[in-house]
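Observations on chain architecture
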Amino acid sequence: SRMTRPIPPDKSLVTWVPSALLATRKLLREREFDVIVTNSPPEASALIPLLLGRRRPAWLADFRDAWILDGYRPPFPTRLHTSVDRRLERAVMKRADVVTVAHRLNRDDLLDRHGIEARYINNGWDPELELPAEPGQPDPDPKAPFRLVHTGTLHGFWGRSPKPLIEALVILGKRLPELPDRLQIVLAGSPESQGLEMATAAGVRDLFDYRGSLSRPESLALQRSSDALLLVTSDRLSWELPGKLSEYMGANRPVFAIAGDNE
């Protein structure tokens, strides 16, 4: 909302952190814990151990996305907001006992700016922990359209966009009138993150088959039934490496990547 958007580091500082802090303090009164683990985003989750004071357990701060590097969040409205955000990040990095990151560029940035030797733990896929899913196989019918599958967020304000793909489809459609019979792009995920309005405006909506939000087993089965999997990364986040890439590799299907200049 307009009231919470400018709050650094993010709106969960006022919408979620107060109740999470109370719950954490209650747990710490009831029993002893060896370590408290915070996972970001949202960045405000990493402020809870700061608010616990000196009697908190050891603290491991894990960052799935970079807090400051390249700025995947919408910009703050004033320099004061930005300054507060950077001070909060520095306080977390300096006070945490261990910092872990999922991207090497984030690790290097924290070392350069704060002298923090963060531990790099890359994204991965463990078949032993996998949920059951049908093996899935591409359609053997030679007349069936080529199925390009994407699961998750295809369009995001931080720079991930299907625009290059849609522009290519427009060009290809002019050269191949039979394109709708030869190519099908299957999407699964939340409707607001697919960019389908862009496809409609460009006149290529008929190439897209939107399946809605699927369960994880359904998503994995869809990946494995593809002819190829689509990977799109941000055009401005140097550290982006979507976690779905590990799942894609586990699906053992070819990956078509629209990516560059990032991890």
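I will try to describe carefully the structure that is included in this document. (Residues numbered from 1 in each chain as written. Predicted model: local features only at pLDDT ≥ 70, side-chain atom pairs only at ≥ 80, totals over all residues. Heavy atoms only, no water.)

Within the chain, the regular secondary structure consists of 10 helices and nine strands. Going through the 263 residues of the chain one by one, you find that 42% of them count as buried. Contacts in the chain between residues far apart in sequence, at least 24 positions, make up 69% of those at least 6 positions apart. Roughly 14,900 Å² of accessible area belongs to the chain as shown, and the carbon and sulfur atoms make up 55% of that amount. With 36 positive and 35 negative side-chain charges, the chain shows a spacing of 7 Å between the two charge centroids. (Helix = DSSP H or I, 4+ residues; strand = E, 2+ residues; numbered from the N terminus. Buried < 20%, exposed > 50% of the residue type's maximum accessible area, 1.4 Å probe, protein only. Contact = heavy atoms within 4.5 Å. Areas by Shrake-Rupley, 256 points an atom, 1.4 Å probe, with all protein chains shown as cover. Lys, Arg positive; Asp, Glu negative; His and termini not counted. Charge placed at Lys NZ, Arg CZ, Asp CG, Glu CD.)

Attention now moves to helix H10 (residues 244-251). Every buried residue belonging to H10 is among Lys244, Ser246, Glu247, Tyr248 and Ala251, and all of these are buried. On the buried face of H10, the contacting elements are strand S5 (146-151), helix H9 (216-224), strand S8 (228-232) and strand S9 (255-258). Residue asparagine 252 follows H10 closely and has a positive phi angle near 60°.

Here is the key point about a regular strand: its side chains alternate between the two faces of the sheet. Where S8 and S9 come together, four bridges link them in parallel fashion. Across the sheet, residue leucine 231 finds its bridge partner in S9, namely alanine 257. (Pairing = 2+ DSSP bridges.)

With that settled, consider the side chain of histidine 150. For histidine 150, the location among the structural elements is in strand S5. You can call histidine 150 buried: its relative accessible area is 0%. Residues contacting histidine 150, with those up to four places away along its chain left out, are Val186, Leu187, Ala188, Leu230, Lys244 and Tyr248.

Under the definition given, this model contains three aromatic pairs. Pairing phenylalanine 63 with tryptophan 67 gives two aromatic rings, centres 6.2 Å apart and planes at 40°, and the pair type is tilted. When the ring of phenylalanine 157 is compared with that of tryptophan 158, the centres are 5.4 Å apart and the planes differ by 85°; the resulting orientation is edge-to-face. Among the residues examined, phenylalanine 157 registers a relative accessible area of 53% and is labelled exposed. Positioned above the aromatic ring of phenylalanine 33 is the side chain of arginine 31, whose terminal nitrogen or guanidinium carbon lies 4.5 Å from the ring centre. (Phe/Tyr/Trp six-rings, centres within 6.5 Å; stacked < 30°, edge-to-face > 60°. Lys NZ or Arg CZ within 6 Å of the ring centre and 35° of its normal.)

Turning next to the environment of histidine 81. Position of histidine 81 among the secondary structure elements: in helix H4 (residues 79-95). Owing to a relative accessible area of 22%, histidine 81 belongs among the partly exposed residues under this scheme. Histidine 81 sits 25 residues away from asparagine 106 along the chain, and the two C-alpha atoms are 22 Å apart. Within the structure, the side chain of histidine 81 is placed 3.4 Å from the backbone oxygen of proline 6, a separation counted as a polar contact. Polar side-chain contacts of histidine 81 include one of 2.4 Å to the side chain of threonine 78. (Polar contact = N/O pair within 3.5 Å; in protein donor to acceptor, adjacent residues only side chain to side chain.)

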